Each structure stands twice: as C-alpha cells, then as structure tokens.
Amino acid sequence: MTDSKYFTTTKKGEIFELKAELNSDKKEKKKEAVKKVIASMTVGKDVSALFPDVVNCMQTDNLELKKLVYLYLMNYAKSQPDMAIMAVNTFVKDCEDPNPLIRALAVRTMGCIRVDKITEYLCEPLRKCLKDEDPYVRKTAAVCVAKLHDINAQLVEDQGFLDTLKDLISDSNPMVVANAVAALSEIAESHPNSNLLDLNPQTINKLLTALNECTEWGQIFILDCLANYMPRDDRESQSICERVTPRLSHANSAVVLSAVKVLMKFMEMLPKDLDYYGTLLKKLAPPLVTLLSAEPELQYVALRNINLIVQKRPEILKHEMKVFFVKYNDPIYVKLEKLDIMIRLASQANIAQVLAELKEYATEVDVDFVRKAVRAIGRCAIKVEQSAERCVSTLLDLIQTKVNYVVQEAIVVIKDIFRKYPNKYESVIATLCENLDSLDEPEARAAMIWIVGEYAERIDNADELLESFLEGFHDESTQVQLQLLTAIVKLFLKKPTETQELVQQVLSLATQDSDNPDLRDRGYIYWRLLSTDPVAAKEVVLAEKPLISEETDLIEPTLLEELICHIGTLASVYHKPPSAFVEGSRGVQHKKLTARAGSGESAESPDVGLSGPSEAPPAVIPSQGDLLGDLLNLDLAPPTATVPSVQPSMQMGAMDLLGGGLDSLMGDESDTLGGDIGGSPSMGGGLGVAPAAMPAALGGAPAVGGGLGDLFDLSGGVGMPTGSYVAPKTVWLPAMKAKGLEISGTFARRGGIIQMDLSLTNKAMSVMTDFAIQFNRNSFGLAPAGPLQVLTPLSPNQTIDVSLPLSTSGPVMKMEPLNNLQVAVKNNIDVFYFSCQYPISMIFVEDGKMERQVFLATWKDIPNDNEALFQIKDIHLNSDAASNKLQGSNIFTIAKRTVEGQDMLYLSVKLTNGIWVLAEMRIQTGNPNYTEMELSIKCRAPEVSPFVFQCYELVLKN
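A short tour of the structure in this document, coming up.

Thresholds applied
Positions within a chain are numbered from 1, following the residues in the order the chain's sequence is written. The model is predicted, so local features are restricted to residues of pLDDT at least 70 and side-chain atom pairs to those at 80 or more, both for listing and for counting; the totals for chains, interfaces and linings are taken over all residues. Only hydrogens and water are set aside when side-chain values are computed; all heavy atoms of the structure are taken into account. Like charges within 9 Å and nonpolar side chains (Val, Leu, Ile, Met, Phe, Trp, Tyr) within 5 Å are joined into patches, using only residues over 30% in relative accessible area that form no salt bridge. Shrake-Rupley sampling with a 1.4 Å probe provides the accessible areas, and residues are treated as covered by the protein chains on show and by no other component. Every case where a carboxyl oxygen of Asp or Glu lies within 4 Å of a side-chain nitrogen of Lys or Arg is listed as a salt bridge. For this count, His and the chain ends are skipped, Lys and Arg are scored as positive, and Asp and Glu as negative. Every charge is mapped onto a representative atom, which is NZ of Lys, CZ of Arg, CG of Asp or CD of Glu. Every helix listed is a DSSP run of H or I at least four residues long, and every strand listed is a run of E at least two residues long, numbered separately from the N terminus. Stacked, edge-to-face and tilted labels apply to pairs of Phe, Tyr and Trp rings (six-membered ring for Trp) whose centres lie within 6.5 Å, assigned for plane angles under 30 degrees, over 60, and everything in between, in that order. Only protein chains enter the accessibility calculation, which uses a 1.4 Å probe. A residue is then buried if its area is under 20% of the maximum for its type, exposed if over 50%, and partly exposed in between. Any two strands are treated as partners once DSSP identifies two or more bridges connecting them. For a helix, the expected span equals 1.5 Å multiplied by the residue count minus one. The contact criterion used is simple: two residues touch if any of their non-hydrogen atoms lie within 4.5 Å. Contacts described as polar in this section are N or O atom pairs within 3.5 Å, which, within protein, must combine one atom able to donate a hydrogen with one able to accept it, while residues neighboring in sequence count only if both atoms come from side chains. Axis definition: a line fitted to C-alpha atoms, over the contacting stretch in the case of helices. Angles run 0 to 180 degrees between N-to-C directions. Take the far helix as the reference: if the near one is turned anticlockwise from it by less than a right angle, the crossing is left-handed, and if turned clockwise, right-handed. Any residue outside Ala, Val, Leu, Ile, Met, Phe, Trp, Tyr, Cys, Pro, Asp, Glu, Lys and Arg is labelled polar, Gly included; the first ten of those are nonpolar and the last four are charged. The term disulfide is used for any two cysteine sulfur atoms that are within 2.5 Å.

## Some remarks on a negative patch on the surface
Link 1 in the chain: Negative charge collects at one region of the surface, where E464, E467, E471 and E501 lie side by side.
Link 2 in the chain: Along the chain, the position of E464 falls in helix α27 (residues 462-470).

Have a look at this one:
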C-alpha cells in the first residue's frame, strides 16, 4: 500500500487522535502516527500542538522513525524554541550512537535548527562529530559548522570550530576535504576580509590530491577554491594546470567549466613562448566543443561562457569555427549566441566560409535571426578589411531581395562600413536611395539620412530627399529628428545657395516647435554657429570623423577579467558582475585575473545603475527603455538614504521651467528683454537665468493687455487648505501569490514627505522576518528613503502596519502607465514582485504656487496643441470650497474671476522633477442643480495631463 493514505483527511478530533496514537505503546502505531503528522505538515496544516508528543518519539532505535521526527523538529523548532530545548539531550545521545548514519543525521538536523537558545548546547556534540572516526559523520559535521556560523558567527569563532575546519582540509578522506573547503568558502564569502582560506603550496597539494577521488560536486568546490589561489611563480602555475587538466574530460559540464576557469586564470602567469602554453591552448578546445553537443539549455550556458573565453583568448577556438554554425533546429537563443561567437572568431583565414553561412542565414524565416545575420555581415566587413568588398556585394544582393526588414538592416550596417572605409564604397549610394520609401524603422531612416547628409555633394537631389523626410518632422522619433537636423545643416554648408530655405525651416522646427530639449539645444547651437561664424561651423560640422573601431561590443577589459574569474556561475551567463544581481547583504568580492607582471590595478565593478540619493532628480522624464530584467538588478539591501526634507525650488535654468527660455517668454510684446528674440540665432543670455531672477526680469516688461491679462488685477479669494486626500488601502499583493504574505497599501503626502503606508499580513503557517523593499526605476524616481521598519517577527495571522518614507532621487525611466511602480519585497521566505499605481498628487510639491505674471507668460508660451480639456461631473462645490480642497493637495489657485455667471479659477501645480502644470477651471455659479466643471490643462509634458486630471477629480469628489 502507498503512503497516499496518510494524506486523506480524517474526522473532527484529528489532533486529539494523533496525540493518543503518538503516546501508544506499540512501535508500529507510533510510526504510523508520525507519518500522519508529517503528511499534515506537508499539506500546510498546523500540527505544532503535537510538538512534545512527537519529540518523545525521538527515543527510538528505528532509523526511519528518527528521520521523520527530525524532519518535524526542523520545521517547528523556530516557532517553538522553548520546546525545542527538550530535544537537546537526544541530540547529545544520538551523536554518540554506534551507528554512524544516526550520528550524521543528528549533526545534520542540529545545523538546520536555527534557534539561538539551543545553539550553545549543540557545540559539544558538534565538536565530537568533527573528530569522529567515520568520514561520513565528519563531512556532515563540516557543513554543519557553516550553518552554525550563519546563525551565530561569534560562537563558532569562540569555540574554535574554524580551526578544526581548517584541519579537516588535511583529512585522509577526499569527501571530508571537499566539504571542509565548501564550508570555509561559504563562511569566507560572508566575511570577505577574514582570510579563512589561507592557501599555501602544502594545502594546495592536499586539495589537488583529493580532487581525483571526490564526487563531482566535491570537485567543483575544490576547483572553485583553487581559482582563488595566487601561485608564487610560473612553475607552480604550470604544475597546478597539469594536475587540473584531466578534469576537462569529466562528464559533468559544471566540473569542466570550473576546470576551464582555473586554467584560464593560471594561464595568465605562464610565459607565452612556453611550449606548455601552446599545449594547454590545444587542450582547452575539445572540452568546450563537447559541451555544445548537450541539450539546448546547457549549450546556451556553455556558449555564454565561450563568448567570454573567446574575447579573452580567441586563439583557443580559432580552428573550431564549424561547431558554431547554426543548425536548423537550434532554439533562437542558441542561434543568436552562436552568431555572436562566429563574428568574434572571424578572421582572414575563415571569412569566406563565414560569409557563405551568414548569407544563407539571411534567407531564413525567423525575423530576429535574419536581422542579426545581416548585422553580422556588416560586423565582419569592419573586422576583416580584406573581406569588406565581398561583404558589401553580399549586402547589395540582400537589398535586391526587397525584403523590407533585410533592406533596413543592410542600410544600417552599410552606414558603419562607410564610416570604417571612407571614399571606397560610395558607388552603392544610388542603390540605397532607391529603397528610401520602404524605410519605416527609426534606426534605418536615421542611417539613410546620415548617408544623404554625409555624401550630399554626390547626390544630385539630396535636398529633395531630405525635404521629403521633413514633411512629417514632428511624427519622427528623436533619433531621426536629430539626424535630419544635422544632415540638412551639412547640406547647407555644402550647397548654401540652394538650401537656405530648407535650413531655416528645420532650425525653426527644431527650436520653436519642439519640446525635446536635446533637439532644441542642438538646433540653437547650429543656429548660433551659422549666424556668427559660417567658417567655424564648416570646421565643426564637416570635420573629419574618426574611424570606427572593429569591435564596438567587446566587454570592457576589467569587467571581462572579473567575469573570467566567475566562469561556470550565473555571472558568466548574465555577463554582469555578481554585485549587480546578488543580494546586497552578502559581501560580494571583486575578483580579477593576475597578470605575470602583477600590476596593482584592481578590477572595479561597473556602476549598476542605481543613482545615489544625493543626485538631483532629472528635469525631464526619459523615454521608456527596455524594462526586461530590471527587477533582476534590484539590490534588496536596506537603502541608506535619509528621509528627505521638502526640497527648495530647484535651481534649473528658466528654460526647464518654461521650455523656451526667458527671451521668448513674453513673445514679441516684451520690449525690455532685448530686440529680436522670437527664436532667432541671436537669442541671448536669457537661457540660463535661474527662476529666482524671473519676477524681476518680468517686472520690467510692460503689462500685457487684453484676454488673459486683466484676470491678474482681481484678487482670488483663497481660504485655508483642508488637508490632502488619502485613498483607502487596496490589496497590492494577494497571499496566494506570495506564499502567504498579503500586502495592501496606499500613498500619502505628509509634511512634504511622500509616505507609502503598508499593511503586511501573514496568512502562512510560519513566522516571517528579515523584510526589505526596493523599487524598479520609475517615471519620477521614487525610491525608499530608509529601510522597511518591521521591527518584530510577523507571526501567523498577524498584521503589521508600516509607513515607508519615499524620496524622488532614485533612477528615472518612463513607465507605462506613467504612475506605475514596480516593487520587490523580500523576507526570510522569498522575494516577491508586484506593481501598484500611485496618485500623481503625491509628487505635487509645496512651492507650486506660480507668480501671476509668470503664469500668464507661461500659459501663452506653451503651444495650444498641448492643451487638454476635461469635464468633472457630479460636483456640488462652489469655487471657494473647490479651491480650499485643491490647495490641501498642493494645487494652488493663482487667481479667480467671474465671467457671464461662471467662476474661473486659474491653478498651478509643480511636480518634484520641476515640470509645471497649469489649469483653468470653469464652475457654474448660483445654480445648485448644475454639477459640472470644465477643466483645461496645459503642460510642456502633455502625457502628464490625464493623470493630473484624475487627481483633480479624486480630490474634489472625496
């Protein structure tokens, strides 16, 4: 009969019945009862009430029963620490049992019981087991020391267990040696400066002796330990390499990669002219090739590692090009990786073979793969000069196929070939121009525009071609707009008489009609250059360009050295250092290869991309990048930022505030701000004036009459604010998705500080501790300003409320929707991910009340296309009540007037990143049945407007 019977539910008094059976005199009945208890525990029932009864069953000679009781003990000892002390005597007895299996079982369980109270009682039994006559017990005890160190490091050091562990490295049994090395490595990893693994030639010799007789995982521990050793000279390096080389033929791919790591590291110490160096290079190729005959997932890991090896030492696999040719049934991830390695190995000797393959790939059906193959042909042309002509003719053949995405990729790579080999292949331009109409991808359009601008003197109708792009200028991506601006300026400098109108048109589009600061700045620079010194403009814009390098995508050398030291680990698959994705609480050591000369430079870890809290938040939201895998980069250590105080008005240039600079603020109506200012090249120094200077500058301007102007003569009756609206908490992370942890929350702004109010509920059976939180990059740089303060363990069925202060100095990336926030929460069980949306009113700052004159000028300055109209229905408020409510959420009334029985409120809001949002609100007066408000919102970043409207509606209706 199977064990499934233990999982069937029984009647009401289940616990009571189990208690009676556990205390039965019959051994068989006891065993059955313990099995039922374990079955209940496995399906998540709480059977902790039976703790004393189960512990009483420990006194038995039956190994199976003992294992079951120990399993129960490991699960419930943490929630019942006082009861767990009852088991200590049995551990002490079991550690002296004649059966080595029972001694090992006792010591293994001791290591798994993470209860501070009883660790000191377990020191004596552990000491005996570390010196046990049976190697199975000693190897188990070695791992137990590492577990105990994790619970109470000081105790382990005081009891001298670390010295005993070091002695075990000299043990006669290879498995004991391997476990001792594994335990010491684990402890050393969490204490990087402890120098526990003090490796010397004698120790290394013992490890190499044990290496031959270990199990495969033991071999990996030893090889990883060897990789951290610094040989004294090249003779010792060679000796170690000779003894590690046989591991290359092991059946386990992890052992092979660990051996490759050791050899790659020690080869640095060998002189290149040594015969053995050449032999070693030859020996490294076959095992790497063999890894490529495994299943696709293993192939991918092997290829990611080979990619690193080939960048460091391409000579290892230079004769093995054929194994990287793509098979028809390879998954796409393997195909793309093989393609990358093929290009890295391409040389004059094998380029004909490679090009024939790549041309074949370019006719495949998989679009991503075809694109990469076409790019690869271009990269080969840049890398192997002798093949450039053949590559260009191959690309022209592909263009003739008229397959849209092939043509576009070909044009992108031909642009790079022109950069690498100027004045060599320009005869193909005519063919490229024929395909102009089919280009719809930004990168291809930008590449074609660059070619037309760069070689305008060779293209008769260059001005017509560029003018055709200019027709839909505002619909183009930023990349295309910037390229078009530069290309037309180049054309103007080459053919000034024919293209004067065209250049004025593009400069006007880029400076006056664009919201993109990069485009505007480049437009102003070109405009000033052309108007002040055309000769200098020619020298700058038409300067000789540097040739592009043959390998633009190589990993930076210091990072590559660090990754070579992590071959066979996750770092070698991600191509990122461990510090970029390993949880921050562990000490991550930066490793580097040791050159023979022993240069003292240490490998720096590249910046992972999390901005420090001291950085000012960007003034403009960047465009959305690739979000995939961002949460993998989360460092879940508690952040060090302090709770932010309310920021003073940001010292950005007036251009950030108003978009067009102070000179253009008042348009042609301003006499005092200096002559010809509509956006002409002579726009003066007003661009850099800080907001503090603005009222004074504007004060000198004559009053603007008519239209909006007269509203500023009226005083807006604004009363006292009523406090900001806080939405009720909603469930963000349901318990079923987070192993029993339920998180609900809301956002509030108190005293100028954004607060994330959370309720954490434990709906699981076990206690939850060690909480930490981190945010993904988001539109307004929200980040925790301090650690998540859960000061007491979260017991089953308990709820804890916490308030997390937030800063806006985190990394910024435009999200979809704009107010989306992706969150990772970690506890002792796992890391959980969820996303929530915060009301934009959280980032309305307290100094958002704009000067009246500035409001008027800014309203006029923002293009009418940016104006959005909304209606708010079912509102029973007069204008004063609405104004008070809004002010509580940092929406400030600048002025109020009454026109034809309607109250008009003029309101301003400032966001934490310096963006201003202006609004006009119409409210019907004197008619209690009329409950509709009209809202007109203007902003330089129009994508913000719908979210600001939602805040208006939320505040006014609640």
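## Some thoughts on the packing of aromatic side chains
In this description, a pair of aromatic rings is defined by centroid distance and the angle of the planes.
Link 1 in the chain: Scanning all chains against the criterion turns up 12 aromatic pairs.
Link 2 in the chain: Seen in terms of ring centroids, W732 and F834 are 6.1 Å apart; in terms of plane orientation they differ by 25°. Their pairing is stacked. Within this pair, whereas W732 is found in strand β1 (residues 730-733), its partner F834 is found in strand β8 (residues 831-837), the two being separated by 102 residues in sequence.
Link 3 in the chain: Taking relative accessible area as the criterion, W732 reaches 13% and is therefore assigned buried.

## Looking at unusual backbone geometry
Link 1 in the chain: The step from E816 to P817 runs through a cis peptide bond, and the omega angle for that step is -5°.
Link 2 in the chain: Position of P817 relative to the elements: it lies in the loop between β6 (799-807) and β7 (820-826).
Link 3 in the chain: Located in the positive-phi region is H575, a residue other than glycine, with phi close to 60°.
Link 4 in the chain: For H575, a relative accessible area of 15% gives the class buried.
Link 5 in the chain: Of note in this structure, K739 is not a glycine but carries a positive phi near 50°.

## Quick word on the sheet that holds strand β5 (residues 783-784)
In a beta sheet, neighbouring strands are held together by backbone hydrogen bonds and run either parallel or antiparallel to one another.
Link 1 in the chain: Spatial ordering of the open sheet is given by β1-β2-β3-β6-β5, a layout of 5 strands whose pairing is antiparallel. For this open sheet the edge positions go to β1 and β5, each flanked by a neighbour on one side alone.
Link 2 in the chain: Sheet topology places strand β3 (residues 753-762) next to β6; 8 bridges connect them, and they run antiparallel. The partner of L760 across the bridge, within β6, is I800.

## Side note on helix α10 (residues 135-151)
Link 1 in the chain: Between its terminal C-alpha atoms α10 stretches 25 Å, which fits the 24 Å expected from 17 residues at 1.5 Å a residue.
Link 2 in the chain: Listing the buried residues of α10 in full gives V137, R138, T140, A141, A142, C144, V145, A146, L148, H149 and I151.
Link 3 in the chain: Contacts from the buried residues of α10 go to α7 (100-112), α8 (116-119), α9 (123-130), α11 (153-158), α12 (161-168) and α13 (174-190).
Link 4 in the chain: Capping the start of α10 is the job of one residue whose side-chain oxygen sits 2.8 Å from the backbone nitrogen of Y136: D134.

## A word on helix α38 (residues 945-957)
Link 1 in the chain: End to end, α38 covers 18 Å across 13 residues, agreeing with the expected 18 Å (1.5 Å per residue, within 8%).
Link 2 in the chain: Taken as a whole, α38 has its buried residues at S945, F947, V948, F949, C951, Y952, V955 and L956.
Link 3 in the chain: Packing partners of the buried residues in α38 comprise β9 (867-872), α37 (879-887), β11 (902-910), β12 (916-924) and β13 (933-939).

## Quick look at the environment of L502
Link 1 in the chain: By the secondary structure assignment, L502 is in helix α29 (residues 500-511).
Link 2 in the chain: Residues L502 and V489 lie 13 residues apart in sequence; the distance between their C-alpha atoms is 9.1 Å.
Link 3 in the chain: Excluding residues within four positions of it along the chain, L502 makes contact with D463, E467, L470, I488 and L491.

## Some remarks on the packing of helix α2 (residues 27-42) against helix α4 (residues 63-76)
Link 1 in the chain: Put simply, α2 and α4 touch, their axes get as near as 10 Å, and they point 35° apart. Crossing of α2 against α4: the hand is left-handed. In this structure, α2 uses K31, V34, K35, V37, I38 and M41 to contact α4, whose residues at the interface are E64, L65, L68, V69, L71, Y72, N75 and Y76.
Link 2 in the chain: Each residue belonging to the contact of α2 with α4 can be placed in one class, and the counts come to 10 nonpolar, 1 polar and 3 charged.

## Observations concerning the state of the cysteines
Link 1 in the chain: Applying the stated criterion across every chain, the model contains 0 disulfides.
Link 2 in the chain: Its sulfur unpaired, C129 is 3.9 Å from the next cysteine sulfur, which belongs to C95.

## Details of the pairing of β11
Link 1 in the chain: Of all 9 residues in β11, 9 are buried, a share of seventy percent or more.
Link 2 in the chain: Covered by surrounding structure in β11 are Q902, M904, Y906, S908 and K910 together with D903, L905, L907 and V909, the residues of both alternating faces.
Link 3 in the chain: Where strand β10 (residues 892-899) lies against β11, 7 bridges are found, and the strand directions are antiparallel. Along β11, the bridge assignment pairs R897 with M904.
Link 4 in the chain: What sits between β10 and β11 in their antiparallel hairpin is a turn of 2 residues, with E900 showing a positive phi close to 50°.
Link 5 in the chain: Of the pairings in the sheet, the one linking β11 to β12 comprises 9 bridges and is antiparallel in character. Each bridged residue has a counterpart across the sheet, and for D903 the counterpart in β12 is I923.
Link 6 in the chain: Hairpin remark: β11 followed by β12, antiparallel, with 5 residues in the connecting loop; positive phi at G914, about 90°.

## Quick look at the sheet that holds β8
Link 1 in the chain: Strand order in the open sheet made by the 3 strands is β4-β7-β8, with antiparallel pairing throughout. Here the strands that pair on one side only, and so sit at the sheet edges, are β4 (772-775) and β8. Direction aside, the axes of adjacent strands within the sheet are offset by 25° on average.
Link 2 in the chain: As defined by bridge partners, β4 adjoins β7 across 4 bridges and the pair is classed as antiparallel.

None of the figures reported here should be taken as evidence of function without further support.
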